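What the coordinates show
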Amino acid sequence: MAGHASILSDDSALSRIDRALFRVETVLALIGGLAVFSLMLLAVVSVGGRNFFNQPLRGYVDWIEQAMPLIAFIGVAYCQRLGGHIRMDIAIARLKGRALWTAEFASTLVMLVLMILLAWGSWAHFERSFDFGAPMWSRDSSLDIRLPLWPAKLLAPVAFAVLSLRLALQLWGYGRAIVTGTDAPVAVPLIEDASTVAANEAATVSGFEDEMRDAGGRNG
């Protein structure tokens with residue numbers, strides 16, 4: 001299942017690279033969020049135009065098709081860094097120490113191989129669409145307003161490449177943990193159990209209530 005995770009850091013090269021890559025992943029996730037917000041605005045314009053002017057937004061479906069890769073792919077590395085992807089940890093949750101890190105290393109390696117293959121295949125799909133000699137550099141386009149499709153097709157290999165970098169960093173982190181035998185490796189998501197998650201959420205709510213109480217006292 002999906003769980004909350006904490007990521008430790010230190011002054012090692014691994015941790016510095018992890019934090020630098022996370023800044024890139026955060027920007028990509030923000031772009032994905034802006035794409036969702038833009039689709040909402042497009043929906044408002046299209047529905048409003050249909051209801052008030054009998055003229056919906058032309059090419060609305062085409063813009064949705066262009067934005068879908070942003071929503072679906074661009075934030076996958078960010079989610080992987082935070083340990084937010086769906087996972088079944090019934091067996092892994094019972095492991096500790098090197099056994100746990102070995103299992104995580106193996107599953108991360110499988111994901112990395114799969115992502116490299118997907119990046120390679122999606123890049124080939126992009127190359128079939130892109131052509132410098134064609135109008136708007138595109139061999140294909142959307143059906144309504146003829147938007148070029150290569151920008152949307154380029155997003156998949158870019159997102160998979162960033163995710164591959166993230167997985168490679170996590171392999172480094174798990175491998176380092178296997179060698180050192182540490183219980184607290186850096187740059188990898190440490191899945192928190194239910195009691196820790198509940199305690200953190202309670203602490204967050206408690207702090208919020210204290211802040212509200214203080215604010216009320218100052219206003220009074």
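Predicted model only: the values in this text are computed from it and were never measured.

The subject of this paragraph is the packing of aromatic side chains. Throughout the structure, instances matching the rule amount to 11 aromatic pairs. Plain terms: the ring middles of Phe-73 and Phe-160 are 5.3 Å apart, the flat faces sit at 65 degrees to each other, and that makes the pair edge-to-face. One end of the pair, Phe-73, is in helix 2 (residues 60-73); the other, Phe-160, is in helix 5 (residues 150-180), and 87 residues separate them in sequence. A residue is classified by how much of its surface remains accessible, and Phe-160, at 11% relative accessible area, is buried. On the numbers, 6.1 Å between centres and 25 degrees between planes, the contact of Trp-101 with Tyr-174 is stacked. Placement of Trp-101 in helix 4 (residues 97-129) and of Tyr-174 in helix 5 is noted, with a sequence separation of 73 residues between them. The pair formed by Trp-101 and Tyr-174 is uniform in burial state, with each residue classed as buried. Put simply, the rings of Trp-123, Phe-126, Phe-130, Phe-132, Trp-137 and Trp-150 touch in pairs and so form one group of aromatic residues. Sitting over the face of the ring of Phe-22, Arg-81 holds its NZ or CZ atom 4.1 Å from the ring centroid.

So, about the side chain of Ser-142. By the secondary structure assignment, Ser-142 is in the loop between helix 4 and helix 5. A polar contact of 3.4 Å, which involves the side chain of Ser-142, links it to the backbone nitrogen of Arg-146. A distance of 2.7 Å separates a polar side-chain atom of Ser-142 from the backbone nitrogen of Leu-147. Ignoring any residue separated from it by four or fewer positions in sequence, one finds Ser-142 in contact with Asp-62, Glu-65, Leu-147 and Leu-149.

With that settled, the discussion passes to helix 4. Because an α-helix packs 3.6 residues into every turn, residues spaced three or four apart end up facing the same way. For helix 4, which comprises 33 residues, the first-to-last C-alpha distance of 48 Å matches the rise-based estimate of 48 Å (1.5 Å per residue) to within 8%. Along helix 4, the positions that sit buried rather than exposed are Gly-97, Leu-100, Trp-101, Glu-104, Thr-108, Leu-112, Met-115, Ala-119, Ser-122, Phe-126 and Ser-129. Its buried side turned inward, helix 4 meets helix 5 and strand 2 (190-191).

We now examine a nonpolar patch on the surface. On the surface, a nonpolar cluster with roughly 390 Å² of combined accessible area is contributed by Phe-37, Met-40, Leu-41 and Val-44. Inspection of the secondary structure puts Met-40 in helix 1 (residues 13-53).

What counts, and where the lines are drawn
- Residues numbered from 1 in each chain as written.
- Predicted model: local features only at pLDDT ≥ 70, side-chain atom pairs only at ≥ 80, totals over all residues.
- Heavy atoms only, no water.
- Phe/Tyr/Trp six-rings, centres within 6.5 Å; stacked < 30°, edge-to-face > 60°.
- Helix = DSSP H or I, 4+ residues; strand = E, 2+ residues; numbered from the N terminus.
- Buried < 20%, exposed > 50% of the residue type's maximum accessible area, 1.4 Å probe, protein only.
- Lys NZ or Arg CZ within 6 Å of the ring centre and 35° of its normal.
- Polar contact = N/O pair within 3.5 Å; in protein donor to acceptor, adjacent residues only side chain to side chain.
- Contact = heavy atoms within 4.5 Å.
- Expected span 1.5 Å × (residues − 1).
- Patch = residues over 30% accessible without salt bridge, like charges linked within 9 Å, V, L, I, M, F, W, Y side chains within 5 Å.
- Areas by Shrake-Rupley, 256 points an atom, 1.4 Å probe, with all protein chains shown as cover.
- Salt bridge = Lys/Arg side-chain N within 4 Å of Asp/Glu carboxyl O.

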